[in-house]
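For reference, the chains in residue letters:
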Amino acid sequence: MNKNKTLKITYSAFFLCLALVLPFLTGQIKILGKMLNLMHVAVFLCGMVCGGEYGFIVGLTAPLLRSITFGMPVMYPNAIGMAFELGAYGLTSGLVFKALYNIKGSIFISLIASMLVGRIVWGIATLILYSFMGQAFTFALFIKGAFVDSVVGIVIHLIIIPLLVLILKKAKLILIDKE
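Quick look at the structure, then. Keep in mind the model is a prediction, meaning the values are calculated, not measured.

### Thoughts on the packing of helix α5 (residues 75–99) against helix α6 (residues 106–132)
- The contact between α5 and α6 brings their axes to 7 Å, and the two run at 155°. Compared by their axis directions, α5 and α6 come out roughly antiparallel. Remark: the crossing between α5 and α6 carries right-handed chirality.
- Class assignment for the residues of the contact of α5 with α6 results in 20 nonpolar, 7 polar and 2 charged.

Shown next as structure tokens:
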């Protein structure tokens, strides 16, 4: 195994741990956690630092592992729906960031693209999961869950993630461009 792959695995483990621990900052207050989406920060960063495939694995694993370990989010349908959403975040943020790496605004473009793709994936997954439960998942519920309830988190992500990525880029800790 080469050094770069070992670093990516190590960083991914760190981001997975971060995804498990960051939600404790909201004090397990469901409404605050849903607004801030702190688990998402670690997944976006993993995708941009390590690459889409690593971001996908961390995103897919984090909500399921957190549900099993801490009981939050509830496994069905929340953690399962989030697993699809966060997997899409990690994959998309990594792929788009790598493709646009040297283009000005690449962090924002990859972040916004991954937010949109992830929320669409969440909506489709939630629609399917709700149908198994015999419940309706309307377009209004999708808009509320994907955007209205998350607007504070979206704004925070658009501020903090680019700053963190720029700091990591300046420190030469971004591994995605070395593939």
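### Some words on the packing of aromatic side chains
- On inspection of all chains with the given rule, the structure shows 9 aromatic pairs.
- The interplanar angle of 35° and the centroid separation of 4.7 Å between the aromatic rings of Phe44 and Tyr89 together place this pair among those described as tilted. Note that Phe44 is positioned in helix α3 (residues 38–50) and Tyr89 in helix α5, a separation of 45 residues in sequence. Take Phe44 and Tyr89: they sit in the same class, and that class is buried.
- Relative to Phe142, the ring of Trp122 has its centre 6.2 Å away and its plane inclined at 25°; by these criteria the two rings are stacked. With Trp122 in helix α6 and Phe142 in helix α7 (residues 139–148), this pair connects stretches of sequence that are 20 residues apart. Each member of the pair Trp122 and Phe142 is classed as buried.
- An aromatic cluster of three or more residues is present, and its members are Trp122, Tyr130, Phe137, Phe139, Phe142 and Phe147.
- For the cation-ring pair, Arg66 lies above Phe24, with the distance from its terminal atom to the ring centre recorded as 4.6 Å.

### Overview of the nonpolar core
- Residues Met48, Phe97, Ile161, Val165 and Ile174 are the most contacted members of the largest nonpolar core, which totals 32 residues.
- Counting residues per element, the ones that place at least two in this core are α1 (3–21), α3, α4 (52–70), α5, α6 and α8 (151–170).
- A total of 11 residues in this core trace back to one element, the largest contributor, which is α3.
- If near-sequence neighbours (up to four positions away) are discounted, Ile174 is found in contact with Met48, Val49, Phe97, Tyr101, Val165, Leu168 and Lys169.

### Some thoughts on a nonpolar patch on the surface
- Residues Val151, Val152, Val155, Ile156, Ile159, Ile160, Leu163, Leu164 and Ile167 make up a contiguous nonpolar surface patch of roughly 720 Å² in combined accessible area.
- Within the fold, Leu163 resides in helix α8.

### Details of unusual backbone geometry
- With an omega of -5°, the peptide bond between Met72 and Pro73 qualifies as cis.
- Looking at the secondary structure, you find Pro73 in the loop between α4 and α5.
- Residue Pro77 is bonded to the preceding Tyr76 through a cis peptide linkage, with omega at 5°.
- By the secondary structure assignment, Pro77 is in helix α5.

Thresholds, definitions, all that
- Residues numbered from 1 in each chain as written.
- Predicted model: local features only at pLDDT ≥ 70, side-chain atom pairs only at ≥ 80, totals over all residues.
- Heavy atoms only, no water.
- Axes fitted to C-alpha atoms, helices over the stretch in contact; angles between N-to-C directions.
- Helix = DSSP H or I, 4+ residues; strand = E, 2+ residues; numbered from the N terminus.
- Parallel < 35°, antiparallel > 145°, perpendicular 65-115°, else oblique.
- Left-handed = near helix turned anticlockwise from the far one by under 90°.
- Nonpolar A, V, L, I, M, F, W, Y, C, P; charged D, E, K, R; others polar.
- Phe/Tyr/Trp six-rings, centres within 6.5 Å; stacked < 30°, edge-to-face > 60°.
- Buried < 20%, exposed > 50% of the residue type's maximum accessible area, 1.4 Å probe, protein only.
- Lys NZ or Arg CZ within 6 Å of the ring centre and 35° of its normal.
- Core = buried A, V, L, I, M, F, W, Y, C linked by side-chain atoms within 4.5 Å.
- Contact = heavy atoms within 4.5 Å.
- Patch = residues over 30% accessible without salt bridge, like charges linked within 9 Å, V, L, I, M, F, W, Y side chains within 5 Å.
- Areas by Shrake-Rupley, 256 points an atom, 1.4 Å probe, with all protein chains shown as cover.
- Salt bridge = Lys/Arg side-chain N within 4 Å of Asp/Glu carboxyl O.

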